[in-house]
Amino acid sequence: MPTHRRDAIKQLITGAAITAAEAMFPGISFGAASKVEANLPGVDWKKTPCRFCGTGCGLLVGIKENRAVAVKGDPASPVNQGLACVKGYHSIMALYGSDRLKTALVRKNGRLTPVPMKEALDLVAAKMKQTIKDHGKDAVSIYGSGQWTIPDGYVASKLFKGCIGTNNVEGNARLCMSSAVTGFMTSFGLDEPMGCYDDIDHANTFILWGNNMAEMHPVLFSRMLDRRLKNSDIKIIDLATRSTRTSIASDRSILFKPGADLAIANAICHEILRNGWENRDFLEKNVSFHTGKTNIGYGTEDNFKFEEKAETIDLAKYKAMLADYTPEKAELISGVSANDIRYLASLYGDPRRKVVSYWCMGFNQHVRGTWINNLVYNIHLLLGKISTPGNSPFSLTGQPSACGTVREVGTLTNRLPHGEVTNEHDREMAAEIWGVPVENISAKPTFHTVEMFRAMDRGQIKFMWIQVTNPMVTMPKLKRYRDAAKKESSFIVVSDVYPTPTTEVADVVLPSAMWIEREGMFGNSERRTQHFEQMLQPPGEAMSDTWQLIEVARRLGYEKQFPWKYENHIQEIWREYGKFQAGPRHNMATYEELKRNPGVMWPYVNGKETKWRFNKKYDPATAGYNPKGRDDWNFYGKPDKRAWIWFRPYEPPAESPDKEYPFWLNTGRVVEHWHTGSMTRRISVLHQAMPNAYAELHPDDAKTLGVKNGGKVKLTSRRGSLVLPVAIDKRGRPPRGMVFVPFFDENLLINELTLDAFCPISKQPDYKKCAVRVELA
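Note that the structure is a prediction, hence the values are computed from the model and not measured.

1. Looking at the overall build of the chain
Point 1. When you go through the chain residue by residue, the secondary structure sums to 29 helices and 32 strands.
Point 2. For 777 residues, the compact-globule estimate of 2.2 N^0.38 gives 28 Å, and the chain sits close to it at 25 Å.
Point 3. Each of the three principal axes of the chain carries a C-alpha extent, and together these read 70 × 65 × 60 Å.
Point 4. A buried classification covers 66% of the 777 residues belonging to the chain.
Point 5. Only carbon and sulfur atoms are counted for the fraction: they give 49% of the accessible area of the chain, which is about 26200 Å².
Point 6. With 102 positive and 86 negative side-chain charges, the chain shows a spacing of 2 Å between the two charge centroids.

Laid out in structure tokens, this is it:
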């Protein structure tokens, strides 16, 4: 690996900013364990997962005199093995911003005014009661987050779905991971990856589909690079729509046109079958073939409805349907050469190669997000390269508990902690555990995230409680939903740790405790549940989101359902939640086991983690299923005990460049900042390293426009305009005809330009593809 590549990636992980940070913040230390311990004798070290990513890196936080004074990677964590990225190393600084929310605020005469926490909680409960009385239970809602702890999400779901009786419960993971959910569900009948991070240690081929891991998942990327340094046979392929630091460090970078990943994946499947590389024995025993509806729309209109209809086909029919996806035909759609497509297919098809496919927002924020998830599973299933060490299709996450809370607890309108609201048995089980009449739990999903905010705009939702997220920065087609939140008919409660554009539109602001100021659990991308204890007292009257919900629930008259004492409420909530997940398919580790370990993967059966699901060598849930000739696998999520291969065609994005709007707009993140920057921008060293958003242009486009680095351009879409400074060859390089803008900057709201089109199956918006005009400002 060239030295410049190693240095570029090393800076992402260790961070050249660490030395500067230690100079700027006396008494806080970062970096190598020996250095930290030598500088800070008498520090009490406590384990916690990092809260700035979905990787789930283990950290050790040094506590002294009720203050976090040091942080280092936890060598005992199997996730990061002692490493951390720049956000992890600086994470504790986020606790100490000068404008930290410490007091509740209530809007009086148009101004947010400090009030005692009790008064604010009383008002929240009273407003909920009055709204339900006047407009019905579906007029109230809660919008949470993949940053919710598992207890936060569980209590929210129990209160709203079980006690109040509305399915108006959503989480911001709808915006980042719901296509992964529907991809898993449609292909396997169960959610979440079948493999784990150990696959990195066994694979020799890594295909990154639209996933800038060097910046978004730098610790996992560093593990891949380390493996390549020790083994010359390792190959890393970056398949993306723009060149990034990941491209620089990869063995090959292949750029494709936005949305054309569908055609590429189908062409790979075509080549696998044309060359006879498929694993016929595996397919005959473990796979069935299906097709679904096509031309399914884009969800841009209010009250959009879609219902899938699956049709069973056979391998011959599936192969015939792929005839339109020869490498040459896919090249015309994607811009990727037929030879490169054949090369990708050969890497997957080579029996000597173990392949991991990684993806994140590039796949999931896609108007055909479910389909492209299905297609990467098709590749692995055709070859039987799945659920074995080193062979894994793996959807990564960007929040610390998008999996553990939103997906496992089920804080989406259609979900329950163990299943679906539409399933009678699942509703009966929830009612029994929650101690509510089964009639309380509605069998009908209400509004997914985009439609929930549309319903607020229409006046159907009158009350929305927003916890641990910042939708007034993150919602696509933002102006519509910000205007909706400001309407007289909308009463907004926001629980957060800092002022944000979302607190600006709130009627009540509740100060929240940050992650190590309260006890909780996160669940990461590899099904690993991670416990952290309360290490610090929260400032002022700040309170955990869990306890805020419990306080309001009791004011609403649900003391029986929320009887817990503060001293042990997390332990009791975990034990109750565990009843939903009991059994070999999803059994969770005990509270005591979680406290002892730096995370435990589920299913956790007979004291043992399950690293590879559906494989009888590793997964206890496969026991008792032994039909003749099917000795190795049990895809038990589907009724036929088979994984499903779907034919999914290429369909174009909802909006593409034209004469009036000739550029693609692509949005995303940077390594220094996390999501909307409400915490990381208050970490001075990270803010100084990346102080503002920018418009990243190809040098030739910049030359044509007559603009240089730092010059200003105006981006205009059909929804709005924004002026940004230009960046040329600084962090990445888009192809000609594309502009990339990160979304972390609340002063430069790029989502005023994005489109609220979404995947009709997952309801996840597409932030990666809309059309803009670029001109000199």
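2. Here we look at the confidence of the model for the chain
Point 1. In the predicted model, the chain carries a mean pLDDT of 94, and the fraction of residues at 70 or more is 94%.
Point 2. Note that residues 1-34 has pLDDT below 50 and, in this model, 78 contacts with residues that lie over four places away or in other chains.

3. Topic: the sheet that holds strand E14 (residues 355-359)
Point 1. Pairing in this open sheet of five strands is parallel, and the strands run E11-E10-E9-E14-E15 from one edge to the other. Where the open sheet ends on each side, the last strands, each with one partner, are strand E11 (252-255) and strand E15 (392-395). Going from strand to strand, the sheet's axes swing by 15° on average, the running direction of each strand aside.
Point 2. Pairing of E14 with E15 involves four bridges; the strand directions are parallel. Looking across to E15, one finds that Val-356 is bridged to Ser-392.

4. Examining the environment of Arg-575
Point 1. With respect to the helices and strands, Arg-575 occurs in helix H26 (residues 569-581).
Point 2. Arg-575 sits 13 residues away from Met-588 along the chain, and the two C-alpha atoms are 9.7 Å apart.

5. Quick word on the pairing of strand E10 (residues 235-240)
Regular strands place their side chains on alternate faces of the sheet.
Point 1. Of all the six residues making up E10, five are buried; the element is thus mostly covered by neighbouring parts of the structure.
Point 2. Relative to E11, E10 runs parallel, the two being bridged by four bridges. Counterpart to Asp-238 in the pairing with E11 is Ser-253.

6. Side note on the layout of surface pockets
Gaps left between atoms are located by rolling a probe of water-molecule size over the structure's atoms.
Point 1. When its volume is computed, the largest pocket comes out at roughly 1200 Å³.
Point 2. Around the largest pocket, the lining comprises 30 residues; the ones closest to its centre are Phe-306, Asn-414, Pro-445, Ile-761 and Lys-763.
Point 3. Tallying contributions element by element places helix H7 (residues 178-188) first for the lining of the largest pocket, with five residues.
Point 4. Approximately 480 Å³ is the volume attributed to the second largest pocket.
Point 5. Along the walls of the second largest pocket sit 20 residues, with Gly-189, Leu-190, Arg-415, His-418 and Gly-419 positioned nearest its centre.
Point 6. Every element with two or more residues in the lining of the second largest pocket is listed here: helix H19 (402-410), strand E17 (419-420) and helix H20 (424-434).
Point 7. Of the residues assigned to the lining of the second largest pocket, the class counts are five nonpolar, seven polar and eight charged.
Point 8. Among the domains, domain 3 (104-172 + 402-567) and domain 4 (178-400 + 639-646) are the pair contributing at least three residues each to the lining of the second largest pocket.

7. A look at the pattern of salt bridges
Pairs can form between side chains of opposite charge whenever their charged atoms are close.
Point 1. For the structure on display, the rule yields 54 salt bridges.
Point 2. Members of the salt-bridge network, linked through shared partners, are Asp-302, Glu-451, Arg-454, Asp-457, Arg-458, Arg-480, Lys-487 and Asp-756.

8. Focus: the side chain of Glu-215
Point 1. Position of Glu-215 relative to the elements: it lies in helix H9 (residues 213-216).
Point 2. For Glu-215, the side chain forms a polar contact with the main-chain nitrogen of Val-671, separated by 3.1 Å.
Point 3. Polar side-chain contacts of Glu-215 include one of 2.7 Å to the side chain of Arg-731.

9. What about empty space enclosed by the protein?
Point 1. Evaluated as defined, the whole model comprises four cavities of 30 Å³ or more.
Point 2. Its volume calculated, the second largest cavity comes out at about 100 Å³.
Point 3. Composition of the lining of the second largest cavity by domain shows at least three residues from each of domain 2 (44-96) and domain 4 (178-400 + 639-646).

10. Observations regarding the packing of aromatic side chains
Point 1. One pass over the full model with this rule turns up 32 aromatic pairs.
Point 2. Arranged with centres 6.4 Å apart and planes meeting at 65°, the rings of Tyr-154 and Trp-434 form a pair that is edge-to-face. With a gap of 280 residues between them, Tyr-154 in helix H6 (residues 150-164) and Trp-434 in helix H20 connect regions that are remote in the sequence.
Point 3. In textbook terms, an aromatic cluster arises when at least three aromatic residues are bridged by ring pairs, as seen for Phe-184, Phe-188, Trp-209, Phe-282, Trp-359, Phe-363, Tyr-377, Phe-614, Trp-633, Phe-635 and Tyr-636.
Point 4. One cation-aromatic arrangement involves Arg-368 over Trp-371; the distance from NZ or CZ to the ring centre is 5.3 Å.

11. Concerning the packing of helix H5 (residues 117-135) against helix H25 (residues 545-555)
Point 1. The N-to-C vectors of H5 and H25 enclose an angle of 55°; their axes lie 9 Å apart at closest approach. Regarding the angle of H5 to H25, the classification is oblique. The element H5 and its partner H25 pack so that their crossing is right-handed. Listed contacts from H25 to Met-117, Lys-118, Leu-121, Asp-122, Val-124, Ala-125, Met-128 and Lys-129 of H5 are Gln-548, Glu-551, Val-552 and Arg-555.

12. Observations concerning the sheet that holds strand E26 (residues 643-647)
Point 1. Taken together, three strands build an open sheet; the order of strands is E13-E12-E26 and the sheet is mixed. The open sheet has two edge strands, strand E13 (311-313) and E26, and neither has a second partner. The mean inter-strand angle of the sheet, taken between neighbouring strand axes irrespective of direction, is 45°.
Point 2. Across three bridges, the pairing between strand E12 (residues 287-291) and E13 is antiparallel. The residue bridging Phe-289 from the neighbouring strand is Ile-313, located in E13.
Point 3. Running over the sheet, helix H18 (residues 369-383) touches E12 and E26 and is turned about 120° from E26.

Reading the values: rules and limits
Residues numbered from 1 in each chain as written. Predicted model: local features only at pLDDT ≥ 70, side-chain atom pairs only at ≥ 80, totals over all residues. Heavy atoms only, no water. Helix = DSSP H or I, 4+ residues; strand = E, 2+ residues; numbered from the N terminus. Rg over C-alpha atoms; globule rule 2.2 N^0.38 Å. Buried < 20%, exposed > 50% of the residue type's maximum accessible area, 1.4 Å probe, protein only. Areas by Shrake-Rupley, 256 points an atom, 1.4 Å probe, with all protein chains shown as cover. Lys, Arg positive; Asp, Glu negative; His and termini not counted. Charge placed at Lys NZ, Arg CZ, Asp CG, Glu CD. pLDDT = per-residue confidence, 0-100. Contact = heavy atoms within 4.5 Å. Pairing = 2+ DSSP bridges. Axes fitted to C-alpha atoms, helices over the stretch in contact; angles between N-to-C directions. 1 Å grid on protein atoms, 1.4 Å probe; cavity = no way out; pocket = protein on both sides within 12 Å on 5 of 7 lines; lining within 4 Å. Points joined across faces, edges and corners; volume = space filled by probe spheres on them. Nonpolar A, V, L, I, M, F, W, Y, C, P; charged D, E, K, R; others polar. Domains from an automatic or database assignment. Salt bridge = Lys/Arg side-chain N within 4 Å of Asp/Glu carboxyl O. Polar contact = N/O pair within 3.5 Å; in protein donor to acceptor, adjacent residues only side chain to side chain. Phe/Tyr/Trp six-rings, centres within 6.5 Å; stacked < 30°, edge-to-face > 60°. Lys NZ or Arg CZ within 6 Å of the ring centre and 35° of its normal. Parallel < 35°, antiparallel > 145°, perpendicular 65-115°, else oblique. Left-handed = near helix turned anticlockwise from the far one by under 90°.

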